[in-house]
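Residue-level structural notes
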Amino acid sequence: MQGHKDISAFIKTFAGDERHIVDYLAEEVLNLQPAHVQDFLLQTSILNRLSGSLCDFLTGQKGSQKILDDLERANLFILPLDNKRCWYRYHHLFADLLRQRLNQAHRVRIHDLHTRASEWYERNEFSEEAIEHALMAKDFKRAVRLVLGLAEVMWKRAKPARLFRWLKALPDEYVLSSPTLCIIYAWILCDNGQYQAAERLLQTAERILDSINTGNTANPQIESKSQPSLTVRDLQGRIAAVRAYMATGQGDVQRIVNFSEKALQFLHQNDATWRAGVAMSLGMAHTIKGDNGSAVKALSEAVSASKTAGNGSLYLIANIWLAVRLKDYGQLPRAIDICKHLFGVLAEEKLTNTAAEGGLISIWGEVLYELNELDEALRYEKKGLLLLEQGHHVGARGWAYLCLLKILTAKKDFSGIEELIREIEKLEQTSDVPPWITPWTEAWKARIWLMRGNLDRAVSWAEERGLKLDDDLNPLREPEYIMFARILIADGQLNDAMELLERLSKAEEKDGRILRQIETLILKEQKNINESLITLGTALSLAESGGYIRIFLNEGPPIAQLLEKILDGKADVSRAYVKKLLSAFRAEKIIEAEEGLAENLSDRELEVLRLIAAGLSNKKITEALFVSLSTVKTHLRNIYAKLNVHSRTEAIVKAKTLELL
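Residues numbered from 1 in each chain as written. Predicted model: local features only at pLDDT ≥ 70, side-chain atom pairs only at ≥ 80, totals over all residues. Heavy atoms only, no water.

A word on the packing of aromatic side chains
- Inspection of every chain in the model, using the stated rule, returns 17 aromatic pairs.
- Where Phe343 meets Trp364, the ring centres are 6.1 Å apart and the plane angle is 85°; that geometry is what we call edge-to-face. Here Phe343 is found in helix α19 (residues 332–348), whereas its partner Trp364 is found in helix α20 (residues 355–370), with 21 residues between them in sequence. Across the pair, Trp364 and Phe343 agree in class, each one buried.
- Between the aromatic rings of Trp399 and Trp440, the centroid separation amounts to 6.2 Å while the plane-to-plane angle is 85°, which identifies the pairing as edge-to-face. Within this pair, whereas Trp399 is found in helix α22 (residues 394–410), its partner Trp440 is found in helix α24 (residues 437–451), the two being separated by 41 residues in sequence. Both residues of the pair, Trp399 and Trp440, belong to the buried class. (Phe/Tyr/Trp six-rings, centres within 6.5 Å; stacked < 30°, edge-to-face > 60°. Helix = DSSP H or I, 4+ residues; strand = E, 2+ residues; numbered from the N terminus. Buried < 20%, exposed > 50% of the residue type's maximum accessible area, 1.4 Å probe, protein only.)

Concerning the packing of α20 against helix α21 (residues 374–388)
- Two elements in contact, α20 and α21, have axes whose closest approach is 7 Å; the angle formed by their N-to-C orientations is 160°. Judged on the interaxial angle alone, α21 and α20 are roughly antiparallel. Considering the relative orientation of α20 and α21, their crossing is left-handed. Listed contacts from α21 to Ala355, Glu357, Gly358, Gly359, Ile361, Ser362, Trp364, Gly365, Glu366, Leu368 and Tyr369 of α20 are Leu374, Glu376, Ala377, Tyr380, Glu381, Lys383, Gly384, Leu387 and Leu388.
- Class assignment for the residues of the contact of α20 with α21 results in ten nonpolar, five polar and five charged. (Axes fitted to C-alpha atoms, helices over the stretch in contact; angles between N-to-C directions. Parallel < 35°, antiparallel > 145°, perpendicular 65-115°, else oblique. Left-handed = near helix turned anticlockwise from the far one by under 90°. Contact = heavy atoms within 4.5 Å. Nonpolar A, V, L, I, M, F, W, Y, C, P; charged D, E, K, R; others polar.)

Things to note about the nonpolar core
- The biggest cluster of nonpolar side chains holds 181 residues, and the ones touching the most others in it are Tyr90, Leu540 and Phe552.
- Top element by residues in this core is α22. It accounts for eleven residues.
- Contacts of Phe552, omitting those with residues within four sequence positions, involve Ile518, Ile522, Leu536, Ala539, Leu540, Ala543, Ile559, Tyr577, Leu581 and Phe585. (Core = buried A, V, L, I, M, F, W, Y, C linked by side-chain atoms within 4.5 Å.)

Notes on the confidence of the model for the protein
- Per-residue confidence for the protein gives a mean pLDDT of 86; residues scoring 70 or more make up 92%.
- Every residue in residues 216–222 is under pLDDT 50, and counting partners more than four places away or in other chains gives 21 contacts. (pLDDT = per-residue confidence, 0-100.)

What about the side chain of Lys327?
- With respect to the helices and strands, Lys327 occurs in helix α18 (residues 312–328).
- Only 2.7 Å separates the side chain of Lys327 from the side chain of Asp328, close enough to count as a polar contact. (Polar contact = N/O pair within 3.5 Å; in protein donor to acceptor, adjacent residues only side chain to side chain.)

Notes on the side chain of Thr631
- Mapped onto the fold, Thr631 is located in helix α35 (residues 629–643).
- Separated by 3.3 Å, the side chains of Thr631 and Glu376 make a polar contact.

Topic: the environment of Thr354
- Within the fold, Thr354 resides in the loop between α19 and α20.
- Separated by 34 residues in sequence, Thr354 and Leu388 place their C-alpha atoms 7.8 Å apart.

Some words on α19
- Look at α19: 25 Å from first C-alpha to last across 17 residues, which is about the 24 Å you get at 1.5 Å a residue.
- When α19 is considered as a whole, its buried residues turn out to be Leu332, Ala335, Ile336, Ile338, Cys339, Leu342, Phe343, Val345 and Leu346. (Expected span 1.5 Å × (residues − 1).)

A short note on the pattern of salt bridges
- Inspection of every chain in the model, using the stated rule, returns 42 salt bridges.
- Of the charged contacts in the structure, one is a salt bridge between Glu425 and Lys445, with a shortest N-O distance of 3.0 Å. Placement of the pair is Glu425 in helix α23 (residues 414–430) and Lys445 in helix α24, with a sequence separation of 20 residues.
- Given the relative accessible area of 28%, Glu425 is considered partly exposed.
- Overall, the relative accessible area of 12% leaves Lys445 in the buried class.
- We note a salt bridge from Arg477 to Glu480, for which the minimum N-O separation is 2.8 Å.
- A relative accessible area of 23% places Arg477 in the partly exposed class.
- What emerges from the salt-bridge pattern is a single network uniting Arg325, Lys327, Asp328, Glu366, Glu370 and Lys406. (Salt bridge = Lys/Arg side-chain N within 4 Å of Asp/Glu carboxyl O.)

Written out as structure tokens, the structure is:
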């Protein structure tokens, strides 16, 4: 590190070709070993992990286990990967040096070494490693055969990024000669928003199948190690299923329905995985139409079919989509139950650290946002995005960006918002983003302008987006029309706003878009458009069963004042729910705190207080609320400080005195 000013940057970029470390490892480590050990080290350097049996097969010599044991005892930059000392790996800097030496001295042997490694891995049923080495050996026939046998397994394991990398590494002629690979590759490209490339692959697959059908065999079997009985008709059904899925990303309802019907007609009844995929596409068709009730039904069928298929990844994704729809359908508690169930499924199906887990974590962040648990929501959303950004699902990534945008807006983190909007715009420029992403992005941009007092920019935005009062209200663009109503209210055009909100409210009620209906009703009420408070009472009735909090807090002091007015009157609403909302307003200091508390308890602190009163331990509270132990302890400290008490018993007594329990 001597002579380097930025030590941290130097360490991060430090690699095996760095002169000083190369000199040390070469002169003081490698060159001092006996010739047979040096040869062993060079040959096995192509491996990411080593075992005695694998090294014996690779080198053609016996006694590899003893060499590995001796290397470990000598502390020669080799690390055990398990307690039984069966598997090892070289320190990455040492491995870099060994590979450089192998490349310099024995380049012609590298191809053979990778071939032998691939053969050993295949014989011992380590298919992923077998594919990696086959590709490095440029043994593409073996790689294609192995990928065909593993493709659907990788789908079940939620590893599309690795499958995508393998397919990309294969020369075009190998992919384009296999209809099965074309179909799988097309599905992955649809995830990535590359619809034109996906369509070209599907057309190639169709040409191959057409040429087979024109032969003498009426219904021949197609290559597939995992499903040897796959027929032309089966693959035609899968092509239709991919086209239905592609149409969901393009927002084309009619094409979704047409291709889904064709897929179900061609797919075998036992092909549960692909039939589950079709059910998901139909669920999205109903979502695009704005029919939440039908969407929930179709996605529930997708959940059932994916469970029957034993496809853990698809089961997880179908449930995630279902949870989102339930949240918007006014059934937030059911969405919460599904998410909690899925966190258990992750471990059972070994889907941790995958894009599927990223999608679940992201949706859980959105649920926490609706419950006004902003800090926890932000933590989950950022964690989910880290996983999603490693994958290829542009729709899931775009939705996670939107969830994060809502959270940052609630926290009034304007610098974070600006940075995030740039990321969203970059995604929209580089991929074909699904059509339900852009209206939300645009609506939140305009909302932020209004929050910052820039009415002129918001008005210009409505004109640029072509929003008019007499437009047909496309459900996909509903977020923009709700935003348009906000702009009309801010601009003093209350009658026009009322007309638009009335049309929106009727459509939302008809199709079960409950969460949007609540927002529309709140907007109608809070600007004194409807003096009777009946509209707000309806919004409260719709929201209470779901326990929605944030949707009211987003409207600020005007809605808080109306809630206080309701509480003071004799409206037929749940007083406990109104108090809960007002408590949340006070926690954010939007309205003044009630007397008797140093500071008002937040909604989550009240929830923790109720669980304490029910006799739950800290550990049980973490399980009930799905938060960390440190978070529970922080809530307890806050509760004690705000109630001015020093124990659970004192907290319960004080809370009952203040009618908090």
